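Each chain, written out:
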Amino acid sequence: MKKAAAIALSVFMLPFMANAQSGVMEVHPASGNNGKILTMEETILGRNIRPEYVYCGWTKNGLLTVRNRDSMSVMYPETGKTEKWEKEKPDADKYVPENAENRTASSIGNIAFTIGKSLYYTDKNGNTYTIAGSKNNQVTYGQLVSRNEFGIDGGIFWSPDGKKIAFYRKDESKVTDFPLLDINSRTGSLFTIKYPMNGMGSENVRLGIYDLAANTVVYAAADDFGYDQYLTNISWSPDGRFIFIQVLDRTQKHLHLNMYSSSDGRFVKTILTENNDKYVEPLDKLHFLKGTYTFIYRTDNRDGYRNLYLCDTLCNVRRLTGTDADVEYVSNDGKAVYYTSAEVSPVENHLFRVIVKNNKSGKLNKAKFGKPERLTSEKGWHSITMSPDCKWYADTYSSINTPGVTFLKSSDGKITRRISVSSDPLKNYETGEVDLGTVKSADGKYDNYYRLIKPVNFDPTKKYPLILYVYGGPHSQLVRNSWLASIRMWEMYMAERGYLVYVQDNRGTQNRGADYEKAIHDYCGQAEMADQMEGIKMLESLPFVDSSRIGVHGWSYGGFMTISLITNHPGVFKVAVAGGPVIDWKWYEVMYGERYMDTMAVNPDGFAETSLINKAKDLKGKLLICQGAVDNTVLWENSLSFIRECIKDNIKVDYFPYPCAQHNVRGKDRIHLMNKVSDYFAEYL
């Protein structure tokens, strides 16, 4: 053993020194066996190569539901007794038409739904009522609005007692149509989608309130910013008397949290306002402290991080979580507020609680907050599902070397019983080492986290080609201390075929505070590229990286980043594959695009600097662009316009459309896509 250790020391001294240079924090070792290697079918569709994830939930009467790949069960938390779980269905469910969409159940079992552009509900006796019937093709009721931005995940909002329904009314009469090609018929046809493009006409949204007993609809008097505004994070008061709406103006720099009467839609008061020269981005509904009219509100606009604030309807606001880290609300029982936080590390997610003691007067400014308690101790990323009474929670976590563990814990963080332990799904495969580390951001203020996957049978004396996989845009975090550092299996697939694969988060991504996230404002791609290039410089300093063979690949915002990198740094990147790329932000939609870039009228320099039309002439390496031809997120106009510019400048470029695919190419088409991507690197890198 000692002789073997001495030999190993001499062999591994070089990579150890390299790891020291690159800020490696955690390492998942290579498999060291001669097992199988991944096929592309497994990489894309195989469940067997991913840890078995346990999905936990809670029934209304406080039983824990547990679902995995093969079974569903319900557990009694006090005893651990389990039995087969039959999914609870509202009584009215059997009466709802098969073509109904957006089904949303009330607390008493009625179901609201949409058919086409109209909104209905069915009661437990099978009676169906029309809430709002659309007689105008431009108007839709009860569906998503604002293209799912601002925390919007539905268009139907039942009151707590089930006696009223709030719903969105969306008018798209000022939104331009964009044609997409359907090739499924012999002669082909065009179908149009509504696409509110940056700086152009947008949708108008109103909030209706339907009273089931009276069969009447009123609309909330939410007109703070006129036609061009957003209504988001619809929240009911516990007694159903009031509705709270976060009203955001078109520029997304001014927000009002307003209170309205649910009986007549009357404006009652503005509880608080948010203003920011860059943008305000509301993402969360209000969460009332049980048994009170005091509520929890989350924003990053007051203290620089997404923290929780305790507020009341008298317009008092107090910071509840005083940490310089982003947090997220989980639950409360009226005495303790539970939340997850990045304060341990931005790549770890842990559960905390803080006790709230209200004095007898009930005044918010007299309430006392206890010291925050950390309830999860195991290193890694924890996902929490709390019981309705907050006595128990299911804790599912993983780390770079832990595929997945699920515990049932009591509210004080003590383990009650182990529910599941995932085995290593790659134990019979050849895998490369995965390093989790940090590299400084270009401005020197932050540690950016990365994962580096080394080739199978890695030899530190050899040089290897490197592929940078990039996304880099808002609302993303690709690197976490979860199993294999949140690897995408295509990365391991490429490592098995002799590549180094590198993934890094940069400024502009989430979970690092407002300054970090908003560093990209008005100039998307610039801070992100600068940070990614710091990672590339670090990699180029390592003796096993072949600096003459560096490639880059990404999709959507990552496609924009891919083309930005190869055109702005043509001497660095030899090969690039971009999927569904934004080419010019003037062709992207209003809600997302105007938040980060404003409009061309306001920010002409930013649009000129970030446009890839202007960069086509600078393309030197090999570039393949892939895109779904019926992409309704990043319009085909983007990539086709770049190709046209390349033709004008006599620049060679490769292009591959997926004729019937939307933004995300799925299923067997995705197997073809990723084979195409992999083959392109194999041929040119």
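Since the model is a prediction, treat every value here as computed from it, not as a measurement.

**Here we look at the nonpolar core**
Part 1 of the argument: Membership of the largest hydrophobic core comes to 60 residues, with the highest contact counts inside it found for Leu466, Tyr502, Ile536, Leu539, Phe573, Trp585 and Phe642.
Part 2 of the argument: Once residues lying within four places of it in the same chain are set aside, the contact partners of Ile536 are Leu466, Leu468, Ile550, Val572 and Phe573.
Part 3 of the argument: One finds Val347, Tyr499, Val577 and Phe681 within the second-largest nonpolar core, a separate group that totals 44 residues.

**Quick notes on the sheet that holds strand β4 (residues 72–75)**
Part 1 of the argument: Judged by pairing direction, the sheet is antiparallel, and its 4 strands sit side by side in the order β2-β3-β4-β5 without closing on themselves. At either end of the open sheet lies a strand with only one pairing partner, and these are β2 (55–58) and β5 (82–84). Here the strands of the sheet are splayed against their neighbours by 30° on average, with no regard to which way each runs.
Part 2 of the argument: Here strand β3 (residues 64–67) pairs with β4 via 4 bridges, running antiparallel. Bridge pairing in β4 links Arg67 to Met72.

**A look at the pairing of β4**
Part 1 of the argument: Counting the residues that bridge the hairpin from β3 to β4 gives 4 residues.
Part 2 of the argument: Bridge count for β4 against β5 is 3 bridges, and the pairing is antiparallel. Its bridge partner lying in β5, Val74 is registered against Glu83.
Part 3 of the argument: Taken together, β4 and the strand that follows it, β5, pair antiparallel across an intervening segment of 6 residues, in which Gly80 is found at a positive phi of about 85°.

**A short note on the packing of aromatic side chains**
Part 1 of the argument: Taken as a whole, this structure holds 33 aromatic pairs when the rule is applied.
Part 2 of the argument: Aromatic pair Phe458 and Phe544: ring centres 4.9 Å apart, planes at 90°, arrangement edge-to-face. Linking Phe458 in the loop between β35 (447–453) and β36 (464–469) with Phe544 in the loop between α5 (526–540) and β38 (545–555), this pair joins segments that are 86 residues apart in sequence.
Part 3 of the argument: An aromatic cluster of at least three residues, connected via ring pairs, comprises Tyr279, Tyr471, Tyr557, Phe560, Trp585, Tyr588, Tyr592 and Tyr596.
Part 4 of the argument: Positioned over the ring face of Tyr684 is Lys622, at 4.5 Å from the centre of the ring.

**Things to note about the pattern of salt bridges**
Part 1 of the argument: All told, the structure shown has 32 salt bridges when counted by the stated rule.
Part 2 of the argument: Between Glu149 and Arg595 there is a salt bridge, with its nearest N and O atoms 2.9 Å apart. Highlighted residues: Glu149 in the loop between β10 (139–141) and β11 (156–158) and Arg595 in helix α7 (residues 590–597), separated in sequence by 446 residues. For the pair formed by Glu149 and Arg595, the shared burial category is buried.
Part 3 of the argument: The residue Asp654 makes a salt bridge to Lys622 at a minimum N-O spacing of 3.7 Å. Taken together, the residues span a long stretch of sequence, with Asp654 in strand β41 (residues 654–658) and Lys622 in strand β40 (residues 622–628) at a distance of 32 residues.
Part 4 of the argument: When salt bridges with common partners are traced through the structure, they connect Glu149, Glu281, Asp300, Arg306 and Arg595 into a single cluster.

**A look at a nonpolar patch on the surface**
Part 1 of the argument: Side chains of Leu181, Ile183 and Leu190 sit close together on the surface and give an oily, nonpolar patch of about 290 Å² of accessible area.
Part 2 of the argument: Positionally, Leu181 belongs in strand β13 (residues 177–182).

**Quick notes on the sheet that holds strand β7 (residues 111–115)**
Part 1 of the argument: Read from one edge to the other, the open sheet built from 4 strands follows the order β6-β7-β8-β9, with strand pairing classed as antiparallel. Both edges of this open sheet fall to β6 (101–105) and β9 (128–132), since each of them pairs with a single strand only. Adjacent strand axes in the sheet meet at a mean angle of 25° when their direction is disregarded.
Part 2 of the argument: As judged from the 5 bridges shared by β7 and strand β8 (residues 118–122), these two strands associate in the antiparallel manner. Looking at the pairing, Thr114 lines up with Leu119 of β8.

**Some points on the confidence of the model for the chain**
Part 1 of the argument: Summarising the model, the chain shows a mean pLDDT of 94, and 96% of its residues fall at 70 or more.
Part 2 of the argument: Below pLDDT 50 for its whole length, residues 1–21 participates in 14 contacts with residues either more than four positions away or in separate chains.

**Here we look at the pairing of β8**
Part 1 of the argument: Among the 5 residues in β8, 4 count as buried, and that is most of the element.
Part 2 of the argument: Following β7, the chain reverses through 2 residues before pairing antiparallel with β8; Gly116 in that reversal takes a positive phi of roughly 65°.
Part 3 of the argument: The antiparallel pairing of β8 with β9 creates a hairpin that spans 5 residues between the two strands, and Gly126 there sits at a positive phi of about 90°.

**Observations regarding the state of the cysteines**
Part 1 of the argument: This model, assessed by the stated rule, comprises 0 disulfides.
Part 2 of the argument: Cys311 takes part in no disulfide bond, and the closest cysteine sulfur to it belongs to Cys315, at a distance of 9.7 Å.
Part 3 of the argument: A relative accessible area of 34% means that Cys315 is categorised as partly exposed.

**Let's talk about helix α10 (residues 667–684)**
Part 1 of the argument: Counted at 1.5 Å a residue, the expected span for α10 with its 18 residues is 26 Å, and the 26 Å between its end C-alpha atoms agrees.
Part 2 of the argument: Taken together, the buried positions of α10 are Ile671, Leu673, Met674, Val677, Ser678, Tyr680 and Phe681.

**A word on the packing of α5 against helix α6 (residues 557–568)**
Part 1 of the argument: The N-to-C vectors of α5 and α6 enclose an angle of 70°; their axes lie 10 Å apart at closest approach. Looking at the two axes, α5 sits roughly perpendicular to α6. For α5 against α6, the interelement crossing comes out right-handed. Together, Glu528, Met529, Gln532 and Met533 of α5 and Tyr557, Met561, Ser564, Leu565 and Asn568 of α6 make up the contact between the two elements.

**Observations concerning the environment of Arg374**
Part 1 of the argument: Position of Arg374 relative to the elements: it lies in strand β29 (residues 373–374).
Part 2 of the argument: Judged by relative accessible area, Arg374 falls into the partly exposed class, the value being 40%.
Part 3 of the argument: In this structure, the C-alpha to C-alpha distance between Arg374 and Arg353, residues 21 residues apart in sequence, is 6.8 Å.
Part 4 of the argument: One polar contact links Arg374 to His350, side chain to side chain, over a distance of 3.5 Å.
Part 5 of the argument: There is a polar contact of 2.7 Å between the side chain of Arg374 and the backbone oxygen of Thr376.

Conventions adopted
Residues numbered from 1 in each chain as written. Predicted model: local features only at pLDDT ≥ 70, side-chain atom pairs only at ≥ 80, totals over all residues. Heavy atoms only, no water. Core = buried A, V, L, I, M, F, W, Y, C linked by side-chain atoms within 4.5 Å. Buried < 20%, exposed > 50% of the residue type's maximum accessible area, 1.4 Å probe, protein only. Contact = heavy atoms within 4.5 Å. Pairing = 2+ DSSP bridges. Helix = DSSP H or I, 4+ residues; strand = E, 2+ residues; numbered from the N terminus. Axes fitted to C-alpha atoms, helices over the stretch in contact; angles between N-to-C directions. Phe/Tyr/Trp six-rings, centres within 6.5 Å; stacked < 30°, edge-to-face > 60°. Lys NZ or Arg CZ within 6 Å of the ring centre and 35° of its normal. Salt bridge = Lys/Arg side-chain N within 4 Å of Asp/Glu carboxyl O. Patch = residues over 30% accessible without salt bridge, like charges linked within 9 Å, V, L, I, M, F, W, Y side chains within 5 Å. Areas by Shrake-Rupley, 256 points an atom, 1.4 Å probe, with all protein chains shown as cover. pLDDT = per-residue confidence, 0-100. Disulfide = S-S within 2.5 Å. Expected span 1.5 Å × (residues − 1). Parallel < 35°, antiparallel > 145°, perpendicular 65-115°, else oblique. Left-handed = near helix turned anticlockwise from the far one by under 90°. Polar contact = N/O pair within 3.5 Å; in protein donor to acceptor, adjacent residues only side chain to side chain.

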